[in-house]
Amino acid sequence: SSERDHDLRVDIVENIEEDYGMFVWPCSVILAEYVWQQRPRFSRSRVVELGAGTSLPGLVAAKVGAHVTLTDIAHNTEVLDNIQQICSLNNANCTVLGLTWGDWDEPVFDLHPDIILGADVLYDSASKLLIYSSWLAFLSLWLRHVSNMPLHLFW
Ligand SMILES: C[S@@+](CC[C@H](N)C(=O)[O-])C[C@H]1O[C@@H](n2cnc3c(N)ncnc32)[C@H](O)[C@@H]1O
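The present account deals with the structure reproduced in this document. It should be emphasised that the depicted structure is a prediction, and the values quoted were computed from it without experimental measurement. (Residues numbered from 1 in each chain as written. Predicted model: local features only at pLDDT ≥ 70, side-chain atom pairs only at ≥ 80, totals over all residues.)

Contact geometry of helix α1 (residues 26–37) with helix α3 (residues 56–63) gives a least axis separation of 8 Å together with a crossing angle of 15°. Of the possible angle classes, the one that applies to α1 and α3 is roughly parallel. Here α1 runs over α3; the crossing is right-handed. The segment α1 lies against α3, with Ser28, Val29, Leu31, Ala32, Val35 and Trp36 engaging Leu56, Pro57, Val60 and Ala61. (Axes fitted to C-alpha atoms, helices over the stretch in contact; angles between N-to-C directions. Helix = DSSP H or I, 4+ residues; strand = E, 2+ residues; numbered from the N terminus. Parallel < 35°, antiparallel > 145°, perpendicular 65-115°, else oblique. Left-handed = near helix turned anticlockwise from the far one by under 90°. Contact = placed C-beta atoms within 7 Å.)

Written out as structure tokens, the structure is:
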């Protein structure tokens, strides 16, 4: 891939017959566009994407200089392996982590994100409660460390 100040390319591997997390949902295109428009804000920030799937917004954040952790359901190795493959394809140095909403494993406590991204992750009411619990946990962890609150962007 090649990019200049006004030009960015991200390649995605999709499989539309598979899991929800194996193809690009429309919200992620809009969120990725927002990240690109707001790139000075993302540069050098710590970003966590929840329910990243094919990870378009997180990859754009990585391309503009953020330290990015891409997460999806911990037991879904197909989606997590695909995220890893997409990172390699784009020379993006992101961390890929299994993070099931509402579940708290040790690595999550070290993330301390400045920005939390989520595209098309509020689509069913049961998941909504769990994702809010992940989001609130990040918030409370963050508040223990600094007075600034992380920015949350959900589309
Ligand atoms: C509708 S897809 C959106 C994928 C991607 N963000 C996009 O917009 O293209 C929902 C994503 O949330 C993930 N997901 C669903 N339930 C989850 C849970 N309980 N914990 C973590 N991720 C979950 C799915 O694996 C999938 O990647």
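Where a strand is regular, its side chains alternate between the two sheet faces. In this sheet, strand β3 (residues 95–98) lies alongside strand β2 (residues 67–72) in parallel orientation, the contact comprising 4 bridges. Paired with Asp72 across the strands is Gly98, a residue of β3. Each parallel crossover has a hand, and the one from β2 via helix α4 (residues 77–89) to β3 is right-handed. (Pairing = 2+ DSSP bridges. Right-handed = clockwise from strand over helix to strand, strands pointing away.)

Okay, unusual backbone geometry next. Backbone geometry at Arg44 places phi at a positive 70°, although glycine is not the residue there. Topologically, Arg44 is positioned in the loop between α2 (39–42) and β1 (46–49). Here the phi dihedral of Ser55 falls at roughly 70°; this positive angle occurs in a residue that is not glycine. Position of Ser55 among the secondary structure elements: in the loop between β1 and α3.

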